[in-house]
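Summary of structural features
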Amino acid sequence: MENCIFCQIIEGKIPSNKVYEDEYVLAFHDIQPVAPTHVLVIPKRHITSLMELAPEDHVIAGKIFSSIQTIARELGLAEKGFRVVNNIGKDGGQTVYHIHFHLIGGRTLTWPPG
Ligand code: 5GP
Ligand code: ZN
């Protein structure tokens, strides 16, 4: 998808600090981390938001969540805990319209969010 920052990261046109990659998924460190660990997990296929994820995308959805488990273990977050966030649309705080899951950890997180 032209003009999509995350598609450009997938294509290697914009550099990123990668932590995980497979056929379906790419994960890289967020450029403006809100915690000691802040990774973005995205599908390689452009999907605008969770609301555009279709039932036939179940393989992608499964790969996203299994990669989150792998990354959390590799980065040492699994034992202490961490948070997964998906922002949807304007009120949800979504700024990049390529579906992504924030994996946030490395400190105690407060709840509820603002
Ligand atoms: P959203 O607000 O859409 O849920 O999250 C978008 C996230 O993407 C933000 O946390 C922002 O810091 C991150 N981000 C935006 N542009 C870039 C970029 O070019 N590289 C990286 N690594 N992260 C980015
Ligand atoms: Zn995209």
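Calculation notes
Residues numbered from 1 in each chain as written. Chains lettered and ligands numbered in written order. Predicted model: local features only at pLDDT ≥ 70, side-chain atom pairs only at ≥ 80, totals over all residues. Helix = DSSP H or I, 4+ residues; strand = E, 2+ residues; numbered from the N terminus. Rg over C-alpha atoms; globule rule 2.2 N^0.38 Å. Buried ≥ 20, exposed ≤ 12 C-beta atoms within 10 Å, placed from the backbone. Near = placed C-beta within 6 Å. Nonpolar A, V, L, I, M, F, W, Y, C, P; charged D, E, K, R; others polar. Pairing = 2+ DSSP bridges. Axes fitted to C-alpha atoms, helices over the stretch in contact; angles between N-to-C directions.

Going by the annotation in an unreviewed UniProt entry, the name recorded for the chain is Histidine triad nucleotide-binding protein, with Laceyella putida given as the source organism.

**Overview of the overall build of the chain**
Each helix and strand counted, the chain has two helices and five strands in total. Across the chain, helices and strands are ordered from the amino to the carboxyl terminus as α-β-β-β-α-β-β. Taken against the 2.2 N^0.38 rule, which gives 13 Å for 114 residues, the C-alpha radius of gyration of the chain at 14 Å falls within 12% of a compact globule. Across its three principal directions, the C-alpha atoms of the chain cover 35 × 30 × 30 Å. A total of 114 residues make up the chain; the buried ones form 24% of that total.

**Regarding the site of ligand 1**
The full set close to ligand 1 counts 13 residues, and Ile-31, Gln-32, Asn-87, Thr-95 and Val-96 are the nearest of them. Here the residues of the shell around ligand 1 are counted per class, giving six nonpolar, six polar and one charged.

**Some thoughts on the sheet that holds strand S5 (residues 101–105)**
Read across the open sheet, the five strands follow the order S1-S2-S3-S5-S4; overall the sheet is antiparallel. Since the sheet does not close on itself, it has two edges, and those belong to strand S1 (18–21) and strand S4 (82–85), each with one partner. Neighbour-to-neighbour, the strand axes of the sheet open up by a mean angle of 20°, direction not taken into account. Here strand S2 (residues 25–29) runs beside strand S3 (residues 37–43); their pairing, made up of five bridges, is antiparallel. Bridged to Val-25 within S3 is Pro-43.

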